[in-house]
Amino acid sequence: MVKHWRCRRPIWLLAALLSLRGALPPAPPLFAFSPGMNKLNDLAEKGDVDGALHQLRRVLAELPSGHRPTVQMRTAFNTGIKACANAGNLKQAERLFAEMLQHRVAPNLKGLGKMMEAAAKVGNLSGAEHWFRQHERYGLAHESDEIARGQLIQAAAKAQDLKAAEEWFQELLQKGLQPSAWTLAALLEACARVGDVGKAKSLVAKCTALGIRTTDLHEFLLRKVYVKNNDLDSAEEQFRQISAPDLKDYAMVIDAAARCGNLTAAEQWFRRAQAGAKAEGRTVVGDEPMFVTLMFAAARAAELQRCEEWFQQAQKARLRPSSAMYTALVTAAAEALDTSAAQRWLQACPRPWPPEVLNTALRAAGLVGDEALAEAWAKQGMKDGMRLDSYSYRALLTGAARSQDTKGAQRWFQKALQEGEVEVNTCNAAIQAAARAGDVPLAKEMLKTMNQLVVQPDAVSYQGLLTSASNACDLAACEAFVAQASASGVPVRYAPVISCAAKVQGLKEAERWFQEALHSDSVDLFALNAMVAAAARVGQLELAERYLHLAREMGEEPDIVTYTSLISAATTKGDLQAARKYVEEATTQGLKLDMVIMNTIISAAARAGDLRLANQVLRQALQLGLRPSTVTFGALISAALRADDLKEAESWLESCREEGLQPGAPMMTPFISYAARQKDLAMAESWFHRMLAERISPDVVTYGSMISVANKLGQADAADGWLQRAIKEKVAPNKICFGMVISALATASSIDAATQRLDDMVGNGFPAEAREVNAVLKACARASSSRAGAAKILDRIVSWRVHPDTMTKKYLERSMGADALERAALEHDLHFRQFSESTEAREPKVRPRAHTLKPAVQRQKKPNAKGQSRIYIRNP
């Protein structure tokens, strides 16, 4: 049986006491520290592993050869392990422990405790638990309960595993052991790591009931919990309870404000620290950590200019720029999405760049999807000898994902794989690239790779996989990923599946998947938002509102996504008052609306010709601090022109320029469309030339509006001229442009020209339909020598596989004769559909009336320009 120092300590204590009385001669110490051991202990206290190992070899060499004293060797090895523990170097500590066993030196409580401490310092909970079990193996378990379990709690804290820390604390209590103030401190550290305020208060109350008195350290750790939880109010309340706060206390509350991105509060508390020091006759300029905290507060608030100003103040305080400062500056640039500033501060940082600075710069480029810039920085870092880590590869993969470059994502993932820097977050970043591009095969390949690497996919992984399938509208792949996640025990977020089902199979299928989410107890705000969006897509405002009420019943607070979908549903339905109501609700709840949402309502008001409402919504947007965009002014111009208020529209155009915005073709074209409605070709041409004078490039809509003016005035040559001009200016006309020109030429009896434009339309990739061929056939039927022209069109109908209708048959009969048409129909297997079927898509939709049918009503309209009267049939 191995004898231990602690077992013999009472005998030596008695001998020492007796020696003091003179009853015995002074007892020699068991192991007097030599100068070499003293030096080894000093190095161990500093955590100097290399120096301690070198000194350990010298101490072992000084021990007597042959049968070396076991106690001295154990003490020397324990001191070497102590150096590793203080440095948090678990691997080297394990090597020394193994070497000690090779020398047949049994470990004692102190050595095992230092092994646990080494594991705890690096947050290696499994390692700490392993060394705890070694106590029992060496017969030391009964001597190490409270201290050892305290170290396990510390390891759990470092590993951010609050649950494990609680379990070890409960085991300590079940053993009947009394926790110490140090145990409570370790528990609060675990709470601080995850920011669990409620658990921290509960543990303080429990330990206080057990007789543990809270100290300043505990209060300090409790404030750390509030800081980690971004609970600025509680941190400030704790600060106010301090009778004489020092700079460290101010730093804590400033850190809380910084973590919240509350730059105003952070700066206010810094000024209070300066004022408090001034009242005591001291000058507080701030140390390096204080300025770094203030810079990060500005960075999280995306206030790049303020971050740079704090950096300048730190330099005025004669502080040397640190890597943390440059990291804050690059972070501020990243949050502001300013890659030029990120590059400027990255270049200002001395090379080789610290890993955290380069990684932050890579993140900045990744957030804006500038993959080329991220790659350039990464290559420069590698050229300087830096080894990219998993964070670097995640940033590069994020850049590839945001630019939807799946090949680039695959390339960087393979590089990370070769470097051994692949973990679940790296895989998830690659999956995000597949998700954004809707690349289901790549997503499946990544899942296969994770299985091969024995990397367990988590909820984020499956969220990306489902998003990739949803973006690709692949409902079958969605179903397969849901099944795999369920089989792996990973909770599923059903929002992507619901969105995919709504896009692919409609609202009913989306509701079926929502019901499955309900049965699985997996309904969250994302799933509810997906259902609101699905209802909004088809304009079912009442259904969208039902899901809003359901969200509130389930305790989910609607967010900006919810209200955006509701406003979209209201505008789609044309209920602009409901849209404004939801804007008011969102604003009342403190949600930050953007101009895109307000533009949706303004555009809807413009379509309805409600200029007054459009102006009201604009004023509301300005009151919210939103800045109008070109889309805003374009919608307001459209609203004014629909209300036939040309002067108001021109004033909005001028206001756009006053805001420093450059009008584009979408803003100028409505004026040409207005001229088309007025059948004023001169006005249309005036606005067109004004666009050219202001260097605004006309688009296809602009040319379409010019063609429309000429068509309405019966100027076929002018309409065709605008079409040819668009082609010459390399503005590809759409099918509507070709259709209007074909109609204009056919009406003007220019059959050959109309036929040529019909050929041009098909040559540009637009399939011909009955509507276009009927326009030419109608002209042929009116002409005296129409047979040849009609025969050409019939040839095109056959070769292009156009589906003719009864109107086609009517015009062909007039041109060719009934017998000739019948023979041609039999020869080419032509079938003429009813005319109503071919024009159904162009007719206005009529809401069906319940069980009552009214006869067709003929309504006389006023004569047109040629004196002909038109009869309009209103269908029942």
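Here the residue index of a chain counts from 1 through its sequence in written order. The predicted origin of the model limits local features to residues at a pLDDT of at least 70 and limits the giving and counting of side-chain atom pairs to 80 or more, whereas totals for whole chains, interfaces and linings rest on all residues. Excluding hydrogens and water, the side-chain figures rest on all heavy atoms present in the structure.

- An unreviewed UniProt entry lists the chain under the name PROP1-like PPR domain-containing protein, with Durusdinium trenchii as the source organism.

## Brief notes about the overall build of the chain
- Each helix corresponds to a stretch of at least 4 residues labelled H or I by DSSP, and each strand to a stretch of at least 2 residues labelled E; elements are numbered beginning at the N terminus. Per the secondary structure count, the chain includes 48 helices and 2 strands.
- Between buried and exposed lies partly exposed: a residue is buried under 20% and exposed over 50% of the maximum accessible area for its type, with that area taken using a 1.4 Å probe on protein chains only. Counting all 876 residues of the chain, 46% fall into the buried class.
- The contacts in the chain between residues at least 6 apart in sequence include a share of 64% that link residues at least 24 apart.
- Using the Shrake-Rupley algorithm and a 1.4 Å probe, accessible areas are obtained, with residue cover drawn only from the displayed protein chains. Of the roughly 45000 Å² that the chain leaves accessible, carbon and sulfur atoms contribute 50%. Should any heavy atoms of two residues lie within 4.5 Å, those residues are considered in contact.

## A short note on the packing of helix α40 (residues 700-712) against helix α42 (residues 735-747)
- Fitting a line to C-alpha atoms yields each axis, with helices limited to the stretch in contact; the angle taken between N-to-C directions then spans 0 to 180 degrees. It is at 9 Å that the axes of α40 and α42 come closest, and there the two elements cross at 15 degrees. In terms of orientation, α40 lies roughly parallel with respect to α42. Once α40 is placed against α42, the crossing between them reads as left-handed. Listed contacts from α42 to V700, G704, I707, S708 and N711 of α40 are C737, M740, V741 and A744.
- Residues are sorted three ways: Asp, Glu, Lys and Arg are charged, Ala, Val, Leu, Ile, Met, Phe, Trp, Tyr, Cys and Pro are nonpolar, and all the rest, Gly among them, are polar. Looking at the contact of α40 with α42, its residues break down into 6 nonpolar, 3 polar and no charged. Note on angle classes: values under 35 degrees are labelled roughly parallel, values over 145 roughly antiparallel, values of 65 to 115 roughly perpendicular, and the remainder oblique. With the far helix as reference, a near helix turned anticlockwise by less than a right angle produces a left-handed crossing, and one turned clockwise produces a right-handed crossing.

## Some details on a positive patch on the surface
- A patch consists of residues whose relative accessible area exceeds 30% and which take part in no salt bridge; residues with like charges are grouped when within 9 Å of each other, and nonpolar side chains (Val, Leu, Ile, Met, Phe, Trp, Tyr) when within 5 Å. By salt bridge we mean one thing: a side-chain nitrogen of Lys or Arg within 4 Å of a carboxyl oxygen of Asp or Glu. Residues scored as positive are Lys and Arg, those scored as negative are Asp and Glu, and His as well as the terminal groups of each chain are ignored. We put the charge of a Lys on NZ, of an Arg on CZ, of an Asp on CG and of a Glu on CD. Judged by side-chain charge, R607, R642, R677, K679 and K712 come together as a positively charged surface patch.
- With respect to the secondary-structure elements, R642 resides in helix α36 (residues 630-642).

## A word on helix α23 (residues 406-419)
- Here, expected helix span is obtained from the residue count minus one, scaled by 1.5 Å. For α23, spanning 14 residues, the distance from its first C-alpha to its last is 20 Å, which sits close to the expected 20 Å at 1.5 Å a residue.
- Along α23, the residues that are buried comprise T406, G408, A409, W412, F413 and A416. Down the axis of α23, the sector holding all buried residues measures 155 degrees, keeping them to one side. Away from its buried face, by an angle of more than 90 degrees, α23 presents the exposed residues K407 and Q418.
- Turning to α23, the residues buried within the fold contact α21 (371-383), α22 (390-402), α24 (424-437) and α25 (440-452). Each C-beta atom gives one direction from the helix axis, and the arc is the one those directions make.

## Describing the packing of aromatic side chains
- Aromatic rings from Phe, Tyr and Trp, with only the six-membered ring used for Trp, were paired whenever their centres fell within 6.5 Å, and each pair was classed as stacked if the ring planes differed by under 30 degrees, edge-to-face if by over 60, and tilted otherwise. Enumeration over the complete set of coordinates arrives at 17 aromatic pairs.
- For the ring pair Y563 and Y582, a centre distance of 6.3 Å and an interplane angle of 50 degrees mean the geometry is tilted. One end of the pair, Y563, is in helix α32 (residues 560-573); the other, Y582, is in helix α33 (residues 576-588), with 19 residues separating them in the sequence. Residues Y563 and Y582 agree in their burial class; the two are buried.
- An aromatic cluster is defined as three or more aromatic residues linked by ring pairs; in this entry it consists of F270, F291 and W310.
- Put simply, a charge is over a ring when the Lys NZ or the Arg CZ is close to the ring centre, within 6 Å, and near the line of the ring normal, within 35 degrees. Lying across the ring of W269, R272 places its NZ or CZ 4.3 Å from the centre.
- Over the face of the ring belonging to W353 we find R351, whose NZ or CZ atom lies 5.6 Å from the ring centre.

## A few points about the UniProt feature "repeat: PPR" (unreviewed entry) in the chain
- UniProt positions are given in the numbering used here, feature names are shortened, and annotations may be inferred rather than shown by experiment. Mapped onto the present numbering, the UniProt feature "repeat: PPR" (unreviewed entry) falls at residues 73-107, 145-179, 524-558, 559-593, 594-628, 629-663 and 699-733.
- Here residues 73-107 runs as 80% helix and 0% strand, with 10 Å between its end C-alpha atoms.
- The span residues 594-628 is 74% helical and 0% strand by assignment, and the distance between its end C-alpha atoms comes to 10 Å.

## Some remarks on the pattern of salt bridges
- Throughout the structure, instances matching the rule amount to 26 salt bridges.
- Between E509 and R512 there is a salt bridge whose closest N-O contact spans 2.8 Å. Residue E509 and its partner R512 are both found in helix α29 (residues 507-519); the two are separated by 3 residues, about one turn of the helix.
- The closest approach of N and O atoms between K573 and E542, which form a salt bridge, is 2.3 Å. Separated by 31 residues along the polypeptide, K573 in helix α32 and E542 in helix α31 (residues 541-553) bring together distant segments of the chain.
- Classification of E542 by relative accessible area gives partly exposed; the value is 42%.

## Quick notes on helix α5 (residues 90-102)
- For α5, built from 13 residues, the straight-helix expectation of 18 Å at 1.5 Å per residue is met to within 8% by its first-to-last C-alpha distance of 19 Å.
- Turning to α5, its buried residues are L90, Q92, A93, L96, F97, E99 and M100.
- The inward-facing, buried residues of α5 contact α3 (49-62), α4 (70-87), α6 (109-121) and α7 (125-137).

## A look at the environment of R300
- Along the chain, R300 falls in helix α16 (residues 288-300).
- Classification of R300 as partly exposed rests on a relative accessible area of 42%.
- Sequence separation between R300 and C260 is 40 residues; the distance between their C-alpha atoms is 7.7 Å.
- With residues near it in sequence (within four places) discarded, R300 still touches A258, R259 and G261.

## What about empty space enclosed by the protein?
- The pocket and cavity definitions rest on a 1 Å grid over protein atoms only: a 1.4 Å probe that fits but cannot leave marks a cavity, an open set with protein on both sides within 12 Å along at least five of seven lines marks a pocket, and residues lining either have an atom within 4 Å of a point. Grid points are joined across faces, edges and corners, and a volume is the space filled by probe spheres set on the points. One pass over the structure, following the stated rule, counts 1 cavity of 30 Å³ or more.
- Each pocket or cavity is described by its volume, and for the largest cavity that value is around 50 Å³.
- Every residue lining the largest cavity is listed: Q410, F413, Q414, L442, E445, M446 and T449.
- Contributing elements (two or more residues each) for the lining of the largest cavity: α23 and α25.
- No other element matches α25, which puts 4 residues into the lining of the largest cavity.
- Counted by class, the lining of the largest cavity contains 3 nonpolar, 3 polar and 1 charged residues.

## Observations concerning the side chain of S461
- Among the secondary structure elements, S461 is positioned in helix α26 (residues 459-471).
- Under the relative-accessibility criterion, S461 is labelled buried at 1%.
- If sequence neighbours within four positions are ignored, S461 has contacts with V424, N428, I431 and M450.

## Remarks on the nonpolar core
- With 212 residues, the main nonpolar core has W377 and I498 as its most contacted residues.
- Discounting residues that sit within four places of it in the chain, W377 has contacts with T339, A342, Q343, L346, W353, L358, A361, L362 and A365.
- Membership of the second largest hydrophobic core comes to 63 residues, among which are M73, A165, L222 and V225. Among buried residues, those of type Ala, Val, Leu, Ile, Met, Phe, Trp, Tyr and Cys that are joined through side-chain atoms within 4.5 Å constitute a nonpolar core.

## Observations concerning unusual backbone geometry
- In this chain, R351 is followed by P352 through a cis amide linkage whose omega measures 0 degrees.
- Within the secondary structure layout, P352 lies in the loop between α19 (339-348) and α20 (355-367).
- One non-glycine residue, R318, lies in positive phi territory at about 65 degrees.
- The class for R318 is exposed, based on a relative accessible area of 80%.
- The backbone of R695 sits at a positive phi, close to 60 degrees, despite the residue not being glycine.
- Relative to the elements of secondary structure, R695 occurs in the loop between α39 (681-693) and α40.
- For R695, a relative accessible area of 79% gives the class exposed.

## What to know about the environment of V497
- Tracing the backbone through its elements, the reader meets V497 in helix α28 (residues 495-504).
- Its relative accessible area of 0% is what places V497 among the buried residues.
- Distance in space between the C-alpha atoms of V497 and T467 is 7.9 Å, their sequence separation being 30 residues.

## Remarks on the packing of α31 against α32
- Packing of α31 against α32 leaves a shortest axis separation of 9 Å and a crossing angle of 160 degrees. What the angle tells us is that α31 and α32 run roughly antiparallel. Here α31 runs over α32; the crossing is left-handed. Listed contacts from α32 to L541, E542, A544, E545, L548 and R552 of α31 are T562, Y563, L566, A569, A570 and K573.
- Each residue belonging to the contact of α31 with α32 can be placed in one class, and the counts come to 7 nonpolar, 1 polar and 4 charged.

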